Amino acid sequence: MQWRALVLGLVLLRLGLHGVLWLVFGLGPSMGFYQRFPLSFGFQRLRSPDGPASPASGPVGRPGGLSGPSWLQPPGTAATQSPRKVPRRPEPGVCGPAHWGYVLGGRDRGPDEYEKRYSGAFPPQLRAQMRDLARGMFVFGYDNYMAHAFPQDELNPIHCRGRGPDRGDPSNLNINDVLGNYSLTLVDALDTLAVMGNSSEFQKAVKLVINTVSFDKDSTVQVFEATIRVLGSLLSAHRIITDSKQPFGDMTIKDYDNELLYMAHDLAVRLLPAFENTKTGIPYPRVNLKTGVPPDTNNETCTAGAGSLLVEFGILSRLLGDSTFEWVARRAVKALWNLRSNDTGLLGNVVNIQTGHWVGKQSGLGAGLDSFYEYLLKSYILFGEKEDLEMFNAAYQSIQNYLRRGREACNEGEGDPPLYVNVNMFSGQLMNTWIDSLQAFFPGLQVLIGDVEDAICLHAFYYAIWKRYGALPERYNWQLQAPDVLFYPLRPELVESTYLLYQATKNPFYLHVGMDILQSLEKYTKVKCGYATLHHVIDKSTEDRMESFFLSETCKYLYLLFDEDNPVHKSGTRYMFTTEGHIVSVDEHLRELPWKEFFSEEGGQDQGGKSVHRPQPHELKVINSSSNCNRVPDERRYSLPLKSIYMRQIDQMVGLI
Ligand code: DMJ
């Protein structure tokens, strides 16, 4: 009887594995599974890599009306299934393992079934080799940045030079939005050094940041970019340094006096003018770090830029005991949320911050909206505010109702496989036939909410594109089955989803995906002094730019994918990744609202009934008062009690010092 059960088990195992493998035509564990599966959807129709490129921007719809793939059909028409039902979500506040288990390190679970069954499929030596390759990739980029570019913001990896803001051309937003003349790449890379266990370099880098980086610069930067790349990194590194458990090795800094936290505060205060004089509460997209909002500034902002500040601003507020930062970021989220369509529940991608009118009515999962959704969920995970989860759940339902096309189930049924398209936020009508590479983050977000099956499917679609080009084109036209926009700036999104899906399934298929990505990065993007942006995913020509997210995200996720025993997975601490890939531990401190206790008029007791010392004026030490006085927001404007930042409050609140 036993051998029968064994045979049956093996047959079932093989069938199950095929279900995953057909998604990617044959790539998978090297156990004789390299078999091609008949595909009834777009993957096999992808144009040859050598084929001609499509025009710079794709067609909007297909002439002659609705025909062709079912992605062209609106949801609920005969050619498609009715809109997919969203998997049951837990109630707000319920953080059971089924739901938040994928916040890493939270569950001390042993190898799951997949792992046990397939552990031979990706040999440990190969995994170690890939981990070392990912580490080497980071080290090569980082060392070259330090040797040839620091203290400038970015490395030009082909000419081995540094790059700062484009002072000669202020309209060059591609550069100036991101590069603030504040050693961006060094700052952005800090926690990757820690995650890789390189304590000596981490300590050296932190000291360099403390001693050399200043935000008192005449640089006009995008609030969003400065927040996710710089503010987020400073906060992440500060938490790593002050973590009493030190899971990554000794990352403490001798005589550390919260300098990174103060720098984060300094930067955030310089960003605050973006939230002033806006009629809707939605922030201006750009500020000058010295002078505030430029007089000739644009009143239009993308939704993700304005509505994805809550994680970093919320952490800062809760560490400092100053509600101002969280309050302005939350006000922006709510203002955007209130502008959603009454009919579809969708938001557009560009809005006027004074009138609240939608300038860009496109609703999708990629550029302009991606991290807005991400931060609704991640804010809830970090801070436990129910309204964030409620907004996220409603947004996710609208996404399923209007953006998701194709068949209902990932692995079965008639019609094209599921795909998330770009639609008009008011009508739900298709607006174009491309998806962008930023959208590849979405399967990772779906893993966080437990919608793993749909995540597997969408990820496979993106991976199929990667396999075809050895990179992800910035935009891919699913109707023409060819890239619409051809560059690939070393973005992390597909790796991020691959990593999170591996954590969720432990299926070695995702290790193969990671290996494939690593190898194509080595082959097509490695240049003399680092890794270069692919200018053209077909002819593989390169551009002399290595964006900071390559070190902070792409390399980090690749490394973590193969580093099974990393403290991020093992420490017993739950870690969450910001949208720039910075790690933050999810703990009770961040779920408290310090200002309620410290600033209540009656005061005197915390929630546990312990008495709280309210400092007297002579006891208070004001931090950063000199540089920020002009830009400290006006209490009336924010209609909140405005607080200065005091050392004692930081001490008592966070207990980190
Ligand atoms: C990064 O700065 C962040 O991941 C952001 O959320 C989106 N864009 C880049 C990477 O592509």
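Residues numbered from 1 in each chain as written. Predicted model: local features only at pLDDT ≥ 70, side-chain atom pairs only at ≥ 80, totals over all residues. Heavy atoms only, no water.

If you look the chain up in an unreviewed UniProt entry, it shows as alpha-1,2-Mannosidase from Macaca mulatta. Comment text from UniProt for the chain, heading Sequence similarities (unreviewed entry), reads "Belongs to the glycosyl hydrolase 47 family." (UniProt positions renumbered as here; feature names shortened; annotations may be inferred.)

Draft legend 1. Main features of the state of the cysteines. Per the counting criterion, the structure on display carries 2 disulfides. Across a sulfur-sulfur distance of 2.0 Å, C160 and C529 are joined as a disulfide pair. Of note, the bridge from C160 to C529 carries an S-S torsion of about 85° and is right-handed in sense. Of this pair, C160 sits in the loop between β1 (154-156) and β2 (161-163) while C529 sits in the loop between β15 (526-527) and β16 (530-531), placing them 369 residues apart in sequence. The same class applies to C160 as to C529, namely buried. In this model, C410 is linked to C457 through a disulfide, with the two sulfur atoms separated by 2.3 Å. Taking the sign of the S-S torsion, 95° for the link of C410 and C457, the bridge is right-handed. You can see C410 sitting in the loop between β9 (404-405) and β10 (419-420) and its partner C457 sitting in helix α16 (residues 452-469), a full 47 residues away along the chain. Each member of the pair, C410 as well as C457, is classed as buried. Across the chain, the disulfide pattern expressed with sequentially numbered bonded cysteines is 1-4, 2-3. (Disulfide = S-S within 2.5 Å. Helix = DSSP H or I, 4+ residues; strand = E, 2+ residues; numbered from the N terminus. Buried < 20%, exposed > 50% of the residue type's maximum accessible area, 1.4 Å probe, protein only.)

Draft legend 2. The site of the ligand, seen in detail. Around the ligand, the surrounding shell consists of I228, R229, L438, R491, P492, E493, F549, E553, T579 and E580. Within the side chain of E493, one N or O atom sits 2.8 Å away from an oxygen atom of the ligand. Take E553: an N or O atom from its side chain is 2.7 Å from an oxygen atom of the ligand. Bound to the protein, the ligand loses 92% of the 290 Å² it would expose on its own. Elements supplying a minimum of two residues to the shell around the ligand: α8 (223-242) and α19 (549-562). In terms of residue class, the shell around the ligand is built from 4 nonpolar, 1 polar and 5 charged. (Near = heavy atom within 4 Å. Polar contact = N/O pair within 3.5 Å; in protein donor to acceptor, adjacent residues only side chain to side chain. Areas by Shrake-Rupley, 256 points an atom, 1.4 Å probe, with all protein chains shown as cover. Nonpolar A, V, L, I, M, F, W, Y, C, P; charged D, E, K, R; others polar.)

Draft legend 3. Main features of α16. Taking 1.5 Å of rise per residue, 18 residues should cover 26 Å, and α16 covers 26 Å from first to last C-alpha, within 8% of that figure. Along α16, 15 of the 18 residues are buried, which leaves the element largely enclosed by surrounding structure. Directly beyond the C-terminal end of α16, a positive phi value near 70° is found at G470. (Expected span 1.5 Å × (residues − 1).)

Draft legend 4. Summary view of the sheet that holds strand β5 (residues 300-302). With respect to topology, 3 strands assemble into an open sheet ordered β5-β6-β7, the strand pairing being antiparallel. What marks the edges here is a single partner per strand, and that holds for β5 and β7 (358-360). Each strand of the sheet is rotated relative to its neighbour by a mean of 35°, with strand direction disregarded. Two strands pair when backbone bridges link them, and strand β6 (residues 350-352) and β7 are joined in this way by 2 bridges, in the antiparallel orientation. The residue of β7 that forms the bridge with V350 is G360. (Pairing = 2+ DSSP bridges. Axes fitted to C-alpha atoms, helices over the stretch in contact; angles between N-to-C directions.)

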